[in-house]
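# A closer look at the structure
Given next are the chains, with one letter for each unit.
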Amino acid sequence: MLSKIALKLFLILFLSSQVLASNLIDLPPPKLKGEMSLEEALSLRRSIRSYSKEALSLEELSQLLWAGSGITEPRRGFRTAPSAGALYPIDIYLFVSRVSGLKEGIYKYLPKEHKLEVVRLEPVLRRVYEAALWQSSIFESAVVFALVAFYDRITWKYGQRGVMYAHIECGHIAQNVLLQATALKLGAVPIGAFREEEIAKIMNLPSGSEVIYLIPVGKLRH
Ligand SMILES: Cc1cc2nc3c(=O)[nH]c(=O)nc-3n(C[C@H](O)[C@H](O)[C@H](O)COP(=O)(O)O)c2cc1C
């Protein structure tokens with residue numbers, strides 16, 4: 001009797017761990033050396049709003065995510081972008097349309113694990129495009145980065161000032177993504193004009209969070 005209960009318990013634990021594990025997607029490790037210098041990337045970065053229909057590779061996506069919020073000092077969890085008090089109030093979400101090896105849907109980047117977590121698998125680009133005031137850069141993109149602030153993580157320490165700090169950090173992350181996109185010869189543009197509540201609804205975000213920036217990315221047209 002006892003062994004039957006133990007077996008059932010084991011099966012439940014095993015199956016639930018499999019379900020949880022299948023919710024996570026490994027990303028290729030980021031490269032720490034590239035083909036373009038920082039100076040070149042700074043001089044070449046331009047807002048690009050039209051892209052080819054080609055898919056992004058998982059390597060390219062991984063590199064962009066790492067540039068935005070990747071861990072560069074595992075012991076203390078420090079990242080590519082600075083953060084007030086190392087409290088990291090910004091998470092990167094993705095609206096994926098065309099990335100090799102990924103289904104269309106919403107994903108969240110987990111910096112510590114350098115993995116993606118599946119949030120929801122369904123095409124959402126049309127809704128994001130409408131919420132972003134029908135900007136064609138969104139519609140043509142292979143993936144849209146959504147930088148989301150979770151204010152509680154920072155306002156407990158810095159009060160109202162923490163809101164400003166979160167916005168500043170968002171700019172750091174966005175610039176890292178944009179420069180990395182340039183270095184990978186991809187097109188990208190930072191988007192501030194969108195209906196926040198509508199995007200938050202699509203993502204099912206909890207109250208106390210806010211979508212600050214959208215960054216559509218795609219392959220350059222030849
Ligand atoms: C806070 C912010 C919001 C922006 N919002 C949009 C936007 O909604 N749509 C867009 O096409 N470009 C947007 N841009 C990009 C600017 O239009 C662009 O940076 C500017 O024209 C200068 O061009 P450059 O980025 O190529 O240097 C935004 C830029 C910033 C910094």
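Definitions and cut-offs
Residues numbered from 1 in each chain as written. Predicted model: local features only at pLDDT ≥ 70, side-chain atom pairs only at ≥ 80, totals over all residues. Heavy atoms only, no water. Core = buried A, V, L, I, M, F, W, Y, C linked by side-chain atoms within 4.5 Å. Buried < 20%, exposed > 50% of the residue type's maximum accessible area, 1.4 Å probe, protein only. Helix = DSSP H or I, 4+ residues; strand = E, 2+ residues; numbered from the N terminus. Contact = heavy atoms within 4.5 Å. Polar contact = N/O pair within 3.5 Å; in protein donor to acceptor, adjacent residues only side chain to side chain. Axes fitted to C-alpha atoms, helices over the stretch in contact; angles between N-to-C directions. Left-handed = near helix turned anticlockwise from the far one by under 90°. 1 Å grid on protein atoms, 1.4 Å probe; cavity = no way out; pocket = protein on both sides within 12 Å on 5 of 7 lines; lining within 4 Å. Points joined across faces, edges and corners; volume = space filled by probe spheres on them. Nonpolar A, V, L, I, M, F, W, Y, C, P; charged D, E, K, R; others polar. Pairing = 2+ DSSP bridges. Near = heavy atom within 4 Å. Areas by Shrake-Rupley, 256 points an atom, 1.4 Å probe, with all protein chains shown as cover. Expected span 1.5 Å × (residues − 1).

Formed by 39 residues in total, the largest nonpolar core has its most connected members in L61, L94 and F145. Broken down by secondary-structure element, the contributors of at least two residues to this core are helix 3 (58-69), strand 4 (90-96), strand 5 (105-110), strand 6 (115-120), strand 7 (143-150), helix 7 (161-183), strand 8 (186-188) and strand 9 (209-219). Here this core takes eight residues from helix 7, the largest share from any one element. L61 has contacts with L94, V99, L102, L116, V143 and F145, leaving out every residue within four places of it along the chain.

Let's shift gears to the environment of T72. Its location among the elements puts T72 in strand 2 (residues 71-73). Using a relative accessible area of 44% as the deciding quantity, one classes T72 as partly exposed. Of note is the side chain of T72, whose polar atom sits 3.4 Å from the backbone oxygen of R79.

Let us look at the packing of helix 3 against helix 7. It is the contact of helix 3 with helix 7, at a shortest axis distance of 7 Å, that shows an interaxial angle of 145 degrees. Crossing hand, helix 3 versus helix 7: right-handed. Residues Q63, L64, W66, A67, G68 and S69 of helix 3 form the contact with helix 7, whose participating residues are I173, N176, V177, Q180 and A181.

Empty space within the largest pocket amounts to approximately 650 Å³. Looking at the largest pocket, it is lined by 26 residues, and the ones nearest its centre are G34, Q63, Q180, A183 and L184. Listed by contribution, the elements that provide at least two residues to the lining of the largest pocket are helix 2 (38-44), helix 3 and helix 7. Tallying contributions element by element places helix 3 first for the lining of the largest pocket, with six residues. Class assignment for the residues of the lining of the largest pocket results in twelve nonpolar, eight polar and six charged. Here the second largest pocket defines a volume of roughly 200 Å³.

With that out of the way, let us pick up the sheet that holds strand 8. Sheets are built from strands that pair by backbone hydrogen bonding, the pairs being arranged parallel or antiparallel. The seven strands lie next to each other as 1-6-5-4-7-9-8, forming an open sheet whose pairing is antiparallel. Edge positions in the sheet fall to strand 1 (24-26) and strand 8, since each has one partner strand and no second. Direction aside, the axes of adjacent strands within the sheet are offset by 30 degrees on average. The sheet contact formed by strand 4 and strand 5 spans four bridges and is antiparallel. In the sheet register, F95 faces strand 5, and the bridge partner there is I106. Against the sheet, helix 3 makes contact with strand 1, strand 4, strand 5, strand 6, strand 7, strand 8 and strand 9, and its axis sits at roughly 160 degrees relative to strand 4, the strand it touches most. Against the sheet, helix 8 (residues 196-203) contacts strand 4, strand 5, strand 6, strand 7 and strand 9, and its axis sits at roughly 80 degrees relative to strand 9.

Turning our attention to the site of the ligand. As a matter of local geometry, the ligand sits amid R45, R46, S47, R49, Q135, V189, P190, I191, G192, A193 and Y213. At a separation of 2.6 Å, an oxygen atom of the ligand approaches a polar side-chain atom of R49. Protein coverage of the free-state accessible area of the ligand, which is 630 Å², stands at 55%. Across the shell around the ligand, the residue classes tally to five nonpolar, three polar and three charged.

Backbone geometry follows two general trends: most residues other than glycine have a negative phi, and most peptide bonds adopt the trans configuration. The residue A86 is not glycine, and still its phi comes out positive at about 50 degrees. On the accessibility criterion, A86 (31% relative accessible area) is partly exposed. The backbone of Y88 sits at a positive phi, close to 50 degrees, despite the residue not being glycine. Along the polypeptide, Y88 turns up in the loop between strand 3 (78-79) and strand 4. You can call Y88 buried: its relative accessible area is 12%.

Turning next to helix 3. Look at helix 3: 16 Å from first C-alpha to last across twelve residues, which is about the 16 Å you get at 1.5 Å a residue. Taking burial as the measure, the twelve residues of helix 3 include eleven buried ones, the bulk of the element. Burial in helix 3 covers these residues: L58, E60, L61, S62, Q63, L64, L65, W66, A67, G68 and S69.

Turning to the pairing of strand 5, a few remarks are in order. Across the six residues that make up strand 5, a large majority, six, are buried. The alternating pattern of strand 5 places G105, Y107 and Y109 and I106, K108 and L110 on opposite faces, both of which are buried. Of the pairings in the sheet, the one linking strand 5 to strand 6 comprises five bridges and is antiparallel in character. Residue pairing across strands places Y109 opposite L116, the latter belonging to strand 6. Hairpin connection from strand 5 to strand 6: four residues lie between these consecutive antiparallel strands, with H114 at a positive phi of about 45 degrees.

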